[in-house]
Amino acid sequence: MASAVMLARCTSVRFPAVATAVLLLLSITTVQASQGDKEPVYRDCVKQCVGSNCTGARLRGFQSSQPQYMALTGWTCRDDCRYQCMWTTVGLYQAEGYSVPQFHGKWPFVRFLCFEDPASALASLLNGLACLLMLLRYRSTVPRQSPMYHTINAFSLVSLNAWFWSTVFHTRDTYLTENVGSEATGGFQHGGVLLILAFTSHVSYLTFVSFDYGYNMAANTSIGMVNLLWWLCWCWQNRRTLPYWWKCGLVVVLLHGLALLELLDFPPMFWILDAHAVWHLSTVPVHFLFYRFVHSPLCHSFTEKKN
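Bear in mind the structure is a predicted one, so any value in this text is a computation, not a measurement.

**Focus on a nonpolar patch on the surface**
On the surface, a nonpolar cluster with roughly 570 Å² of combined accessible area is contributed by L122, L125, L126, L129, L132, L136 and L281. Broken down by element, the nonpolar patch gets its largest block of residues, six residues, from helix 8 (residues 118-141). If you trace the backbone, L281 turns up in helix 14 (residues 275-282).

Written out as structure tokens, the structure is:
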């Protein structure tokens, strides 16, 4: 049982009504304040842009010329004003020799098609594809009678769900996609009534009281440390009976170690690649190592029982 619980870092696409859910989630914009969007020059720019371009005939002109993929992902005239004014403010900051500010809780990124944070969206998609590829390989090579078959399948679906919503969040950052995307990849790692209640309380606080980044980071860091220590102890205790225990230990150390990349938090290189995107990109190969860990021992165990 223990070897599959660790599965919670790789993160089921909920297929029913997914298009409706995405459109609903994309209809509410994020309001997290940062240095850039508190600047008077930014606020005045947005106010003037909205007043000039987002009413009457100009609004209809904007809507008629807007690409369909932008409209479907919830980009409005006001959002476009924010995007343009963001770069105006960044330009003024750089001209005065100041560091690049954040806007609405995130760094300024060059928009690609409808993708608000293209590098992190691509990285999340690659993580999801890695999980899917390993799941398909696992199903094709491991017998259904294997003790952990259904557990690992269930974990893989949860993993795919989290990376799906992470991709949605980085494609279009809104209030709801921020909550879903952040929590999907954040810290839901083990079952049990107590942990489910704690997780529910955590999400409820972030959703209905205050989306506190500091609190969210502290909570995820605390759970991550407990998870790290627990798994390292488990790997060490099973080193004599589990031939591939070192793969388990290496996966745990890599996942927690790579998460430290988040602490770098530098302005995006070429306005595309920031620390968060680097973190997501670095976890892609870890999935392959993890599935090698859960694959070999289970096949070996099943073969022994069959003989």
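**Description of the pattern of salt bridges**
With the rule as written, the count across this model stands at four salt bridges. The residue R111 makes a salt bridge to D80 at a minimum N-O spacing of 3.1 Å. Highlighted residues: R111 in the loop between helix 7 (77-95) and helix 8 and D80 in helix 7, separated in sequence by 31 residues. Among the salt bridges present, the one from E116 reaches K106, with a minimum N-O distance of 3.4 Å. A residue pair is termed long-range when its members are at least 10 positions apart, and E116 in the loop between helix 7 and helix 8 and K106 in the loop between helix 7 and helix 8 qualify at 10 residues.

**Comments concerning the side chain of T167**
Looking at the element boundaries, T167 is found in helix 9 (residues 149-171). Judged by its relative accessible area of 16%, T167 falls in the buried class. Once residues lying within four places of it in the same chain are set aside, the contact partners of T167 are A121, S124 and L125.

**Some details on the state of the cysteines**
Per the stated rule, a full pass over the model turns up three disulfides. Between the sulfur atoms of C49 and its disulfide mate C81 the distance is 2.0 Å. On the S-S bond that ties C49 to C81, the torsion sits near -75°, and the link is left-handed. Highlighted residues: C49 in helix 4 (residues 40-53) and C81 in helix 7, separated in sequence by 32 residues. Here C49 falls in the buried class, since its relative accessible area comes to 16%.

**So, the environment of P101**
Residue position: P101 is located in the loop between helix 7 and helix 8. For the pair formed by P101 and E39, sequence separation is 62 residues and the distance between their alpha carbons is 9.8 Å. Sequence-distant contacts of P101, defined by excluding residues within four places in its chain, comprise Q35, G36, Y93, W107 and P108.

**Quick notes on unusual backbone geometry**
The residue F270 is not glycine, and still its phi comes out positive at about 55°. Position of F270 relative to the elements: it lies in the loop between helix 13 (245-259) and helix 14. With relative accessibility at 75%, the residue F270 sits in the exposed group. Even without a glycine there, the phi angle at W271 is positive, about 60°.

**A short note on the side chain of T283**
Among the structural elements, T283 can be located in the loop between helix 14 and helix 15 (284-306). Judged by its relative accessible area of 5%, T283 is buried. Non-local contacts of T283, meaning those with residues more than four positions away in its chain, are made with N127, W163, L255 and L258.

**Considering the packing of aromatic side chains**
Per the counting criterion, the structure on display carries eight aromatic pairs. On the numbers, 6.3 Å between centres and 80° between planes, the contact of Y83 with W87 is edge-to-face. With Y83 and W87 both in helix 7 and four residues apart, the pair spans about one turn of that helix. Among the residues examined, Y83 registers a relative accessible area of 14% and is labelled buried. Above the ring of W75, the side-chain terminus of R111 is found at 4.7 Å from the ring centroid. Directly above the aromatic system of Y83 lies the positively charged group of R111, at a separation of 4.2 Å from the ring centroid.

Reading the values: rules and limits
- Residues numbered from 1 in each chain as written.
- Predicted model: local features only at pLDDT ≥ 70, side-chain atom pairs only at ≥ 80, totals over all residues.
- Heavy atoms only, no water.
- Patch = residues over 30% accessible without salt bridge, like charges linked within 9 Å, V, L, I, M, F, W, Y side chains within 5 Å.
- Areas by Shrake-Rupley, 256 points an atom, 1.4 Å probe, with all protein chains shown as cover.
- Salt bridge = Lys/Arg side-chain N within 4 Å of Asp/Glu carboxyl O.
- Helix = DSSP H or I, 4+ residues; strand = E, 2+ residues; numbered from the N terminus.
- Buried < 20%, exposed > 50% of the residue type's maximum accessible area, 1.4 Å probe, protein only.
- Contact = heavy atoms within 4.5 Å.
- Disulfide = S-S within 2.5 Å.
- Phe/Tyr/Trp six-rings, centres within 6.5 Å; stacked < 30°, edge-to-face > 60°.
- Lys NZ or Arg CZ within 6 Å of the ring centre and 35° of its normal.

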